[in-house]
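Below, each chain spelled out in residue letters.
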Amino acid sequence: MNSPELRQKAFLLMLIAVSVAFIWILLPFYGTVFWAAVLAIIFTPFHRKVLNAMGQRRNLAAFTTLLLVLVIVILPVTIMAISLLQEGALIYQKIRSGELNFGMYFQQIMSAAPPWLVNLLDRSGLTNIAELQDMLSSGVLRGSQFIATHALSLGQNAFEFLVSFGIMLYLLFFLLRDGDSLAAKIKQAMPLTMEHKRHLSSKFTTVIRATVKGNVVVAAIQGSLGGLIFYFFGIQGALLWGFMMAFLSLIPAVGAGLIWIPVAIYFLFTGAVWQGTVLIAFGVFVIGLVDNLLRPVLVGRDTKMPDYVVLISTLGGLVLFGLNGFVIGPVIAALFMSAWDLFAAAMDTPRVERKD
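Residues numbered from 1 in each chain as written. Predicted model: local features only at pLDDT ≥ 70, side-chain atom pairs only at ≥ 80, totals over all residues. Heavy atoms only, no water.

Please provide a residue-by-residue account of the overall build of the chain, values included.
The helix and strand tally for the chain stands at 13 helices and 0 strands. Along the chain, helices and strands appear, N-terminal first, in the series α-α-α-α-α-α-α-α-α-α-α-α-α. Sorting the 356 residues of the chain into buried and exposed places 33% on the buried side. Surface exposure of the chain reaches about 21,700 Å², of which carbon and sulfur atoms provide 71%. (Helix = DSSP H or I, 4+ residues; strand = E, 2+ residues; numbered from the N terminus. Buried < 20%, exposed > 50% of the residue type's maximum accessible area, 1.4 Å probe, protein only. Areas by Shrake-Rupley, 256 points an atom, 1.4 Å probe, with all protein chains shown as cover.)

In structure tokens:
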């Protein structure tokens, strides 16, 4: 009864069970663990240079790299998040007090709209302007209320945030220090050929670095440019709208146009022709050009995935995993394509050998 085959099956069952249990334990901090691993992958090439420069003193090199991550990534993001939450809370108060009335802005557009557009809206069933005003105002109100509520909850859950932040830094230190040996152990344990291991691990790290660095750089540039042009035109909440443009630019083929195009239309329909024209030109030839030039160079060239795959996987990742999904989605898509490429190559190899 106690055969080697039975023992092997029992061991594999136990291995799966303890792996699932370990993942279950990590789920409450999956975002913390995920971003610690992502930052470790991104900064590993720099860490290796620091390690060589410091005479292979692993603890000192890991601590130095960790300080760099704090200075150039985490500290600016934290400051920006606090400023954004404050701006969102301010916008929310202005909407509630009536100082900002998006329904009134919509009414101004409809009053200046040509008759053919009004007739088109009538045929589409959008005849109740008051109802559309209420929907628009309530939608913006809910969005700003969401930000204001999270600003309050951030203060209430400061301890939980600090714990997660500390865990991320703690994990990042050890992933930087022991990352190479840990990666070697994972590769050794994978029941794949060495060629497949190298191919999949290379694709995994390449897609993470390209997706994070490329998308974040593009998003930061587009959001900054959009926020600056909004500030130039005196639009309230320029920081908030800049952040929204940065977030939307994470989604390929959607981008910041969802924010600046309605504003340009408002300018044109309310008589501010030069502002609307300048905003359209700036959006198309400056903000849009950043996406068209930088994203293929920083993202597409390294991931080697079609644009439609990047789009669908990013959208699906955002729906399933939230903000983390803009990395998780493309990584899963890249591994999917790589695994099937390896499978197809393996299936073709015997046929070639039989012909020879």
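Please provide a residue-by-residue account of the packing of aromatic side chains, values included.
Tallying each qualifying case throughout the model produces 10 aromatic pairs. An angle of 45° between the planes, with centres 6.2 Å apart, marks the rings of Tyr-266 and Phe-267 as tilted. Since its relative accessible area comes to 21%, Tyr-266 is described here as partly exposed. Taking the centre distance of 5.5 Å and the plane angle of 80° together, the rings of Trp-340 and Phe-343 count as edge-to-face. Note that Trp-340 and Phe-343 are positioned in helix α13 (residues 325-355) at a spacing of 3 residues, about one turn of the helix. Taking the relative accessible area as the measure of exposure, Trp-340 reaches 51% and is therefore exposed. Here Phe-343 falls in the partly exposed class, since its relative accessible area comes to 44%. (Phe/Tyr/Trp six-rings, centres within 6.5 Å; stacked < 30°, edge-to-face > 60°.)

Could you give an account of a nonpolar patch on the surface, naming the residues involved and the relevant values?
Together, Ile-23, Trp-24, Ile-25, Leu-27, Tyr-30, Val-319, Leu-320, Phe-321 and Ile-332 make up an exposed nonpolar region whose accessible area comes to about 1,000 Å². Within the secondary structure, Ile-25 is located in helix α1 (residues 4-26). According to the relative accessible area criterion, Ile-25 is exposed, its value standing at 57%. (Patch = residues over 30% accessible without salt bridge, like charges linked within 9 Å, V, L, I, M, F, W, Y side chains within 5 Å. Salt bridge = Lys/Arg side-chain N within 4 Å of Asp/Glu carboxyl O.)

Hey, could you go over the packing of helix α8 (residues 194-232) against helix α9 (residues 238-248) for me, with residue numbers and the actual values?
When two helices pack together, their arrangement is given by the angle between the helix axes and the distance between those axes. Packing of α8 against α9 leaves a shortest axis separation of 7 Å and a crossing angle of 150°. Relative to α9, the element α8 is oriented roughly antiparallel. Pair α8 / α9 crosses with right-handed handedness. Contact residues: α8 offers Ala-219, Gly-223, Gly-226, Gly-227, Phe-230 and Tyr-231, while α9 offers Ala-238, Trp-241, Gly-242, Met-245 and Ala-246. Classifying every residue of the contact of α8 with α9 by side-chain character gives 7 nonpolar, 4 polar and no charged. (Axes fitted to C-alpha atoms, helices over the stretch in contact; angles between N-to-C directions. Parallel < 35°, antiparallel > 145°, perpendicular 65-115°, else oblique. Left-handed = near helix turned anticlockwise from the far one by under 90°. Contact = heavy atoms within 4.5 Å. Nonpolar A, V, L, I, M, F, W, Y, C, P; charged D, E, K, R; others polar.)

Provide a residue-level description of the confidence of the model for the chain, including the pertinent values.
The predicted model of the chain has a mean per-residue pLDDT of 78, with 75% of residues at 70 or higher. When mean pLDDT is compared element by element in the chain, helix α2 (residues 30-53) scores highest at 89, while helix α6 (residues 129-156) scores lowest at 53. Considering only residues more than four positions removed or in separate chains, one finds that residues 352-356, a stretch of pLDDT under 50, has 0 contacts. (pLDDT = per-residue confidence, 0-100.)

Could you give an account of the environment of Leu-176, naming the residues involved and the relevant values?
Looking at the element boundaries, Leu-176 is found in helix α7 (residues 158-189). If sequence neighbours within four positions are ignored, Leu-176 has contacts with Ala-40, Phe-43, His-47, Ala-62, Thr-65 and Leu-66.

Pulling in residues and values, what's your account of the nonpolar core?
Of all hydrophobic cores here, the largest spans 34 residues; its most connected members are Leu-172, Ile-208 and Val-327. Among the secondary structure elements, those contributing two or more residues to this core are α2, α3 (58-97), α7, α8, α12 (307-321) and α13. For this core, the leading source of residues is α2, giving 8 residues. If you count residues domain by domain, this core takes at least three from each of domain 1 (29-181) and domain 2 (192-344). Not counting residues up to four positions away in its chain, the partners in contact with Leu-172 are Ala-36, Leu-39, Ala-40, Leu-66 and Val-69. Within the second largest apolar cluster, 16 residues are counted, among which are Phe-233, Ala-264, Ala-272 and Leu-279. (Core = buried A, V, L, I, M, F, W, Y, C linked by side-chain atoms within 4.5 Å. Domains from an automatic or database assignment.)

Lay out the pattern of salt bridges in plain terms, naming residues and giving numbers.
When the charged atoms of two side chains lie near each other, side chains of opposite charge can form a pair. Overall, the coordinates contain 4 salt bridges when judged by the stated rule. The residue Asp-178 makes a salt bridge to Arg-58 at a minimum N-O spacing of 3.0 Å. With Asp-178 in helix α7 and Arg-58 in helix α3, this pair connects stretches of sequence that are 120 residues apart. Bridged by salt links that share partners, the residues Arg-58, Arg-177 and Asp-178 form one connected network.

Tell me what's going on with the UniProt feature "transmembrane region" (unreviewed entry) in the chain, and back it up with residues and numbers.
As annotated in UniProt, the feature "transmembrane region" (unreviewed entry) corresponds to residues 63-85, 158-176, 212-233, 239-260, 267-290 and 310-337 in the numbering used here. The span residues 63-85 is 100% helix and 0% strand, and its two end C-alpha atoms sit 31 Å from each other. (UniProt positions renumbered as here; feature names shortened; annotations may be inferred.)

Kindly report on the environment of His-196, identifying the contributing residues and their values.
Of note, His-196 is situated in helix α8. Overall, His-196 belongs to the partly exposed group, its relative accessible area being 22%. Separated by 142 residues in sequence, His-196 and Ser-338 have C-alpha atoms that sit 9.4 Å apart.

An account of the side chain of Ser-313 is requested, with residue identities and associated values reported.
Tracing the chain through its elements places Ser-313 in helix α12. Taking the relative accessible area as the measure of exposure, Ser-313 reaches 11% and is therefore buried. Among the polar contacts listed, one links the side chain of Ser-313 to the backbone oxygen of Val-309, at a separation of 2.7 Å. Apart from residues lying up to four places away in sequence, Ser-313 is in contact with Gly-329, Pro-330 and Ala-333. (Polar contact = N/O pair within 3.5 Å; in protein donor to acceptor, adjacent residues only side chain to side chain.)

Please set out the packing of α2 against α8 residue by residue, giving values where relevant.
For the pair α2 and α8, interaxial distance at closest approach is 10 Å and the crossing angle is 95°. On the basis of their axis angle, the class for α2 and α8 is roughly perpendicular. Touching Val-38, Ile-41, Ile-42, Thr-44 and Pro-45 of α2 are Phe-204, Thr-205, Ile-208, Arg-209, Val-212 and Lys-213, all from α8. Here the residues of the contact of α2 with α8 are counted per class, giving 7 nonpolar, 2 polar and 2 charged.

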